[in-house]
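Topology and contacts: notes
Single-letter residue listing:
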Amino acid sequence: MNHPFPSVIPILRKLYAGRFTSVLFLVPFYRCDEPDVLTVYRGSYTHAAYLTDVRERLAAVDCDHYLVVHDDVLLNPALSEATFRQTFPLGEREGYISHLFPVGGTVGDWTWLFGFAPKALHPKSHLFGSGIEGATLRQYLPGHAQIAAKFAAHGILPQRHARLRSDRMPDVERHPSRTLLHGYAATLDPSDARQAEVERHCLDAARALVEAMRHAEPAAPAGAATPPASGEGAEGAGPADAAEPVTEVELPMPVVGSGYYADLYVLPKACFDDFVHFIGVASAANFFVELMVPTLLVTCCDKVWTAETLGLDASGFAQPATLEAFRDPRFLAIHPFKLSQLSSPVRLRQFEARVHAVLRGEDYPGDLALPGLHVPGLGCAQQYLTTGWHGEESWGRWSAEPRAEVRFLLEEDDIASLELLLMAPVHARLPVVQAQLVVNGETCQALSFDVAHVERRVVIPRALLRTGGNTVDVVVERTVRPCDLDPASPDARELGLALREIQFHT
């Protein structure tokens, strides 16, 4: 697990009981006497080196492959030791990760390449370095020729060089403070003047860092190949304009990315020693796990299979999915799935009953309120939106009628509150939107949205909910069509409010 949540260990034991002969829980910083719980000492950006911390214990496990799964990954319940080879028909020195893509281009095209470059190029920096000599990293990590040969065998063009260009940093520019200060835990409110000031200073600092590296690094040799932009969500950079301040530098090692799929991978035991050694060195240098896991899997294994090459469905990592997706044995997992929200014994029994019903192809009797299935976004909470809603979008759903309904079941003492994140189609021609929440037929709260408050978080206390079936109606005075507000909009749908999140708090 990325963070110490020992409370989910009993839940995980129950979920994996009878499915695998050996299950070990690697938990950062948490100490206990339970033989299946191993204490590790890494942060979430280098979590793959958990394996290095407990390498002797893992090496003693009698197996051919290690299935590395994080606690917020809900594996398909049909996947077990008995079905492993059917799902992953891997050779002795073959591994698996769901996705691989080459990484190169301009360092600001992808946040994690921006984070990797200064650590790799300036490992002695007091600000972001590890203190390891660059020569030491080159000595104890695989060499460029070794990595490049393995990349080529997988049809991946190794990118040895990267561009340092302070005037083109699209991914960093989107949320500079997430990159420099807060990480993805940042709460970014564009209307907050203080946050806007922090964002501006962070972007200035990011550009200044790139300029400092650009002048500190020797340019790449004449004739060096200009790498294409890459990274998940990168906007793509064309050939550098000769008038622009651009420097190409040589990275100490070519890398591939996994697109945030490193929470589930398969490591062959035959490659275990090399992998845990190299991932331990990379972790000491604080190289990001989503670069190092795929890079070192490809380097250490004879072949690394992906979801595409094995015909598996890993879409549950990239978009919301419901439990019904598990009816397809090729569907691997739902991620993120916050098991910490299933701490109630009643809720865990409900969850197990729903999973078993899904696997039997049966309908579960009622819409079980399962908390934290996909945040932000609705994810598996889509199942609670029964009538009056448009189709699913990547961020949530718009209501399609003046009254749209959310339905779910609760057990006694199951949750403490229900939280909704709502958004209105505020526009210059519609500066104010009035709405109401009606809980089980009773008006709970009147809501007003305007330009300064396009979104509202609403908490419904347990006292307003009841044991058994509950209905929450999202009510607006009238729906509007975007094309009526803006003639340039092609959207002719009737819109009420948008529901972006549902969270059940225990």
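Residues numbered from 1 in each chain as written. Predicted model: local features only at pLDDT ≥ 70, side-chain atom pairs only at ≥ 80, totals over all residues. Heavy atoms only, no water.

**Some details on the pattern of salt bridges**
The criterion, for reference: Throughout this description, the term salt bridge denotes a Lys or Arg side-chain nitrogen within 4 Å of a carboxyl oxygen of Asp or Glu.
If you walk through the whole model with that rule in mind, you get 20 salt bridges. Here arginine 330 ties to aspartate 328 by a salt bridge, and the two come within 3.1 Å at their closest N and O atoms. Sharing partners across several salt bridges, the network here consists of Arg13, Glu34 and Asp36.

**With respect to the confidence of the model for the protein**
Quick note on the threshold: As a per-residue measure, pLDDT tells how confident the predictor is, with possible values from 0 to 100. Whether two residues touch is decided by their heavy atoms; if any such pair falls within 4.5 Å, the residues are in contact.
In the predicted model, the protein carries a mean pLDDT of 84, and the fraction of residues at 70 or more is 83%. This stretch, residues 225-243, has a pLDDT under 50; its non-local contacts, to residues over four places away or in other chains, come to 46 contacts.

**As for the state of the cysteines**
So the rule is basically this: Criterion for a disulfide: a pair of cysteine sulfur atoms at a distance within 2.5 Å.
Under the definition given, this model contains zero disulfides. With no disulfide partner, cysteine 271 has as its closest neighbouring cysteine sulfur the one in cysteine 301, 4.2 Å distant.

**With respect to the pairing of strand E19 (residues 442-449)**
Put simply, the rule is: Note: two strands are recorded as paired if DSSP finds a minimum of 2 bridges between them. Elements are defined by DSSP. Helices are runs of H or I of four residues or more, strands are runs of E of two residues or more, and each kind is numbered from the N terminus.
As judged from the seven bridges shared by strand E18 (residues 433-439) and E19, these two strands associate in the antiparallel manner. When the bridges of E19 are listed, glutamine 436 appears paired with alanine 446. What sits between E18 and E19 in their antiparallel hairpin is a turn of two residues, with asparagine 440 showing a positive phi close to 50 degrees.

**Quick notes on the sheet that holds strand E11 (residues 264-268)**
Note the cut-off: Orientation is described by axes fitted as lines to C-alpha atoms, over the contacting stretch for helices, and by angles from 0 to 180 degrees between their N-to-C directions.
Read across the sheet, four strands follow the order E3-E11-E5-E12 without closing on themselves; strand pairing throughout is mixed. Looking at which strands have only one partner, the edges of the open sheet turn out to be strand E3 (65-69) and strand E12 (303-305). Mean inter-strand twist for the sheet, computed between neighbouring axes without regard to direction, equals 20 degrees. Where E3 and E11 come together, five bridges link them in antiparallel fashion. Note that in E11 the partner of tyrosine 66 across the bridge is leucine 267.

**So, helix H11 (residues 272-284)**
Definition in use: Between the first and last residue of a helix there are one fewer steps than residues, each counted as 1.5 Å, and that sum is the expected span.
Relative to the 18 Å expected for 13 residues at 1.5 Å per residue, H11 spans 18 Å between its end C-alpha atoms, a close match to the ideal helical length. Where the residues of H11 are buried, they touch helix H2 (50-53), helix H3 (55-59), E3, helix H6 (134-140), E11 and helix H12 (289-300). Immediately beyond the C-terminal end of H11, within one or two residues, lies asparagine 286, with a positive phi of roughly 60 degrees.

**Some words on the layout of surface pockets**
We apply this condition: Each cavity reported here is a set of points on a 1 Å grid over the protein atoms alone in which a 1.4 Å probe fits but cannot get out, each pocket an open set with protein on both sides within 12 Å along at least five of seven lines, and each lining residue one with an atom within 4 Å of a point. Grid points are joined across faces, edges and corners, and a volume is the space filled by probe spheres set on the points. Polar here means any residue outside two lists: the nonpolar Ala, Val, Leu, Ile, Met, Phe, Trp, Tyr, Cys and Pro, and the charged Asp, Glu, Lys and Arg; Gly therefore counts as polar.
Considered as a void within the structure, the second largest pocket measures approximately 940 Å³ in volume. Looking at the second largest pocket, it is lined by 32 residues, and the ones nearest its centre are Ser22, Val23, Tyr66, Leu67 and Val68. Elements represented by at least two residues in the lining of the second largest pocket include exactly helix H1 (9-16), strand E1 (25-28), H2, E3 and helix H4 (84-87). No other element matches the five residues that E3 contributes to the lining of the second largest pocket. In terms of residue class, the lining of the second largest pocket is built from 22 nonpolar, five polar and five charged.

**Comments concerning the environment of histidine 122**
Quick reminder of the rule: Note on classification: 1.4 Å probe, protein chains only; a residue is buried when its accessible area is under 20% of the maximum for its type, exposed when over 50%, partly exposed between these limits.
Position of histidine 122 relative to the elements: it lies in the loop between helix H5 (111-121) and H6. A relative accessible area of 24% places histidine 122 in the partly exposed class. Considering only alpha carbons, one finds histidine 122 and alanine 216, 94 residues apart in sequence, at a separation of 9.7 Å. Excluding its chain neighbours within four sequence positions, the residues that come into contact with histidine 122 are Phe128, Gly129, Met213, Ala216 and Glu217.

**Here we look at the sheet that holds strand E16 (residues 403-410)**
Reading across from one edge, E14-E16-E21-E18-E19 is the order of the five strands in this open sheet, with antiparallel pairing throughout. The open sheet has two edge strands with one neighbour each: strand E14 (385-387) and E19. Strand-to-strand twist across the sheet, computed as the mean angle between neighbouring axes with direction ignored, equals 25 degrees. One ladder, built from two bridges, connects E14 with E16; its direction is antiparallel.

**Quick look at the environment of alanine 463**
Following the sequence through the fold, alanine 463 ends up in the loop between strand E20 (455-461) and strand E21 (468-476). Once the C-alpha coordinates of alanine 463 and alanine 416 are considered, the two residues, 47 residues apart in sequence, prove to be 8.6 Å apart.

**Remarks on the environment of valine 433**
Residue position: valine 433 is located in strand E18. A relative accessible area of 8% places valine 433 in the buried class. Remark: the alpha-carbon pair of valine 433 and threonine 479, spanning 46 residues in sequence, is separated by 9.8 Å. Not counting the four nearest positions on each side in its chain, valine 433 is found in contact with Ala424, Pro425, Val426, Leu447, Ser448, Phe449 and Leu497.

**Digging into the side chain of histidine 70**
With respect to the secondary-structure elements, histidine 70 resides in the loop between E3 and strand E4 (74-75). A residue is classified by how much of its surface remains accessible, and histidine 70, at 4% relative accessible area, is buried. Excluding residues that lie within four positions of it along the chain, histidine 70 makes contacts with Met1, Asn2, His47, Ala262 and Asp263.

**Thoughts on helix H10 (residues 193-216)**
Between the first and last C-alpha of H10 there are 35 Å, a value that for 24 residues agrees with the 34 Å anticipated at 1.5 Å per step. Taken together, the buried residues of H10 touch H5, strand E8 (161-164), helix H8 (170-174), helix H9 (176-182) and strand E9 (247-250).

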